[in-house]
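# A closer look at the structure
What follows is each chain in one-letter form.
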Amino acid sequence: MKLTITNPANGNTITELQTNTKEDVHAKLNILRQGQKEWFKKPLKERLDCIVKFGALIKQNSETLAVILTDETGKPIQQSRNEINGAHNRIEHLSKYAEQWLADEVLVDFGATHEKIVYEPLGVIANISAWNFPYNVGYNVFLYALVAGNAVMYKPSEYAALTGKQFEKYLHLAGVPENVFQCVIGDGSLGQALLEAHFDGYFFTGSYATGKHIAKSVAHKLVPVQLELGGKDPLFVADDVLDVKQAAINAAEGAFYNNGQSCCAVERIYVSDSIYDAFVNAFVEEVASYKIGNPMHDSTFVGPLTRGQQIEFLENQVNDAISKGAVLKLGGQALDGDGNYYEPTVLVDCNHDMNVMVDESFGPIIGIQRVGSDQEAITLMKDTEYGLTAAVFSSNEQRAMDILQDMNTGTVYWNCCDRVSPNVPWSGRKNSGLGSTLSSQGIRAFVQPKAYHLRVL
Ligand code: NAD
């Protein structure tokens, strides 16, 4: 079977890729199992050298790779460049810390019985990935897994398959053996084949619905399962912000960067009553200034949506909100002509009866709600099934901390939003996921501890 790769900016077919079969998955898994044993025997330094070389190759070819990413996902070219360059910080971080995090831990080296922990790789892991930030979310899993001594079967999203093939090409060129990293091409049905095969761990990035299905399907295998899922990330703008206009500019970027197709995009905004009108005016002015158009142009900030079917979902959210009393301040329509274009959309006077304030939008649309107190903001921010991130803009650190400590999310932000760093864990709570990538926790996710009790006779 063939997978047709379509350019979301114009609907043209870019190419067709041969898809892999269930039989391919089993055959490749056997090959990876052999390769993993040799890969793990290599000194950590050699594995790291391959990853560093991979990073250098990606840098050398970054412009070509950015064009591929923009072609298949519609991500504006400048944002493709930013993603490719920005993801490199994972490699720098691994180079600095992997040795420390993977080192044996000797707890007792005196007396009759010595005790230590050795971190062993899981084996061959399945990495089923998303399309919205394939470099970031891909690197978070497969680079960390490889450094820890695992072999990886990588299934990119069907919407970022060309980029997935590039990862495979450059990892092999960088010295990662073919029997240690394999990319398989296909849609959800191929993902399903991975669930049915016997991997030693499942690492997934994508929607809550698929994540829940994966967790259920592989539960009986009793292997590690890690899920990086969606969010409905709130931002509260308190009345003591020093500069309302700047707060609006930052909030808008958090909501509309990559067309809102970011797991940690700002998805709903609460604003203190006394600055509400000023904030809304500045926010609308900022969003109205965004250049929407051909994602290959350097100046474009809003390109097409990657998936055409998302347009109907956004239209439903807008109609639902308006029917329940929201005011449409900007946008609210798909653009005529070719491509999956949807206008950046701002809805104000929203409330939690509206889907736009509770269901992940994953597109260029935002709901803004007025709040009368910090307590009201806290209650609304916590009124969600998700738990990825939460943000507060305020000039008072203690005020922000009082709110952020109350959030049941893996990440909290003060005066910033929509950001990921390799230094700290990336994790979701509740419907936003299970387990952590990045930081020391992110590399420990790919190893299992073995306890040694050594009696010296
Ligand atoms: P998706 O769940 O539709 O697809 C993700 C992957 O799962 C794809 O590779 C797909 O082919 C595969 N898949 C689909 N059905 C499957 C099945 N039955 N068995 C196995 N695999 C299957 O998600 P998406 O549209 O690619 O990504 C968007 C979602 O991902 C959003 O909800 C977003 O918030 C989330 N996301 C989360 C993070 C994070 O770090 N928390 C990062 C990026 C994206």
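Here is what the cut-offs are and how they apply
- Residues numbered from 1 in each chain as written.
- Predicted model: local features only at pLDDT ≥ 70, side-chain atom pairs only at ≥ 80, totals over all residues.
- Heavy atoms only, no water.
- Near = heavy atom within 4 Å.
- Polar contact = N/O pair within 3.5 Å; in protein donor to acceptor, adjacent residues only side chain to side chain.
- Areas by Shrake-Rupley, 256 points an atom, 1.4 Å probe, with all protein chains shown as cover.
- Helix = DSSP H or I, 4+ residues; strand = E, 2+ residues; numbered from the N terminus.
- Nonpolar A, V, L, I, M, F, W, Y, C, P; charged D, E, K, R; others polar.
- Domains from an automatic or database assignment.
- Pairing = 2+ DSSP bridges.
- Axes fitted to C-alpha atoms, helices over the stretch in contact; angles between N-to-C directions.
- UniProt positions renumbered as here; feature names shortened; annotations may be inferred.
- Contact = heavy atoms within 4.5 Å.

## What to know about the site of the ligand
Looking at the ligand, there are 29 residues lining it, with Glu158, Ser207, Thr210, Leu229 and Glu360 nearest. A distance of 3.1 Å is found between an oxygen atom of the ligand and a side-chain nitrogen or oxygen belonging to Arg307. Starting from 860 Å² of accessible surface for the ligand in isolation, the protein chains cover 90%. Taken together, the elements giving at least two residues each to the shell around the ligand come down to α7 (188-196), β8 (202-205) and α8 (208-218). Considering each element in turn, the shell around the ligand owes the most residues, 4 residues, to α7. Across the shell around the ligand, the residue classes tally to 11 nonpolar, 12 polar and 6 charged. No fewer than three residues from each of domain 1 (2-229 + 432-455) and domain 2 (233-414) sit in the shell around the ligand.

## Let's talk about the sheet that holds strand β3 (residues 105-108)
As summarised here, the arrangement of the 3 strands in space is β3-β4-β22, forming an open sheet in which the pairing is antiparallel. Two strands lie at the open edges of the sheet, namely β3 and β22 (447-455), each paired on one side alone. Geometrically, the sheet is characterised by an average inter-axis angle of 20 degrees between neighbouring strands, direction not taken into account.

## Re the UniProt feature "active site" (unreviewed entry) in the protein chain
The sites that UniProt annotates as "active site" (unreviewed entry) are Glu228. If you trace the backbone, Glu228 turns up in strand β9 (residues 225-228). When residues no more than four places from it in sequence are discounted, the contact partners of Glu228 are Phe204, Thr205, Gly206, Trp426, Ser427, Ser432, Gly435, Ser436 and Thr437.

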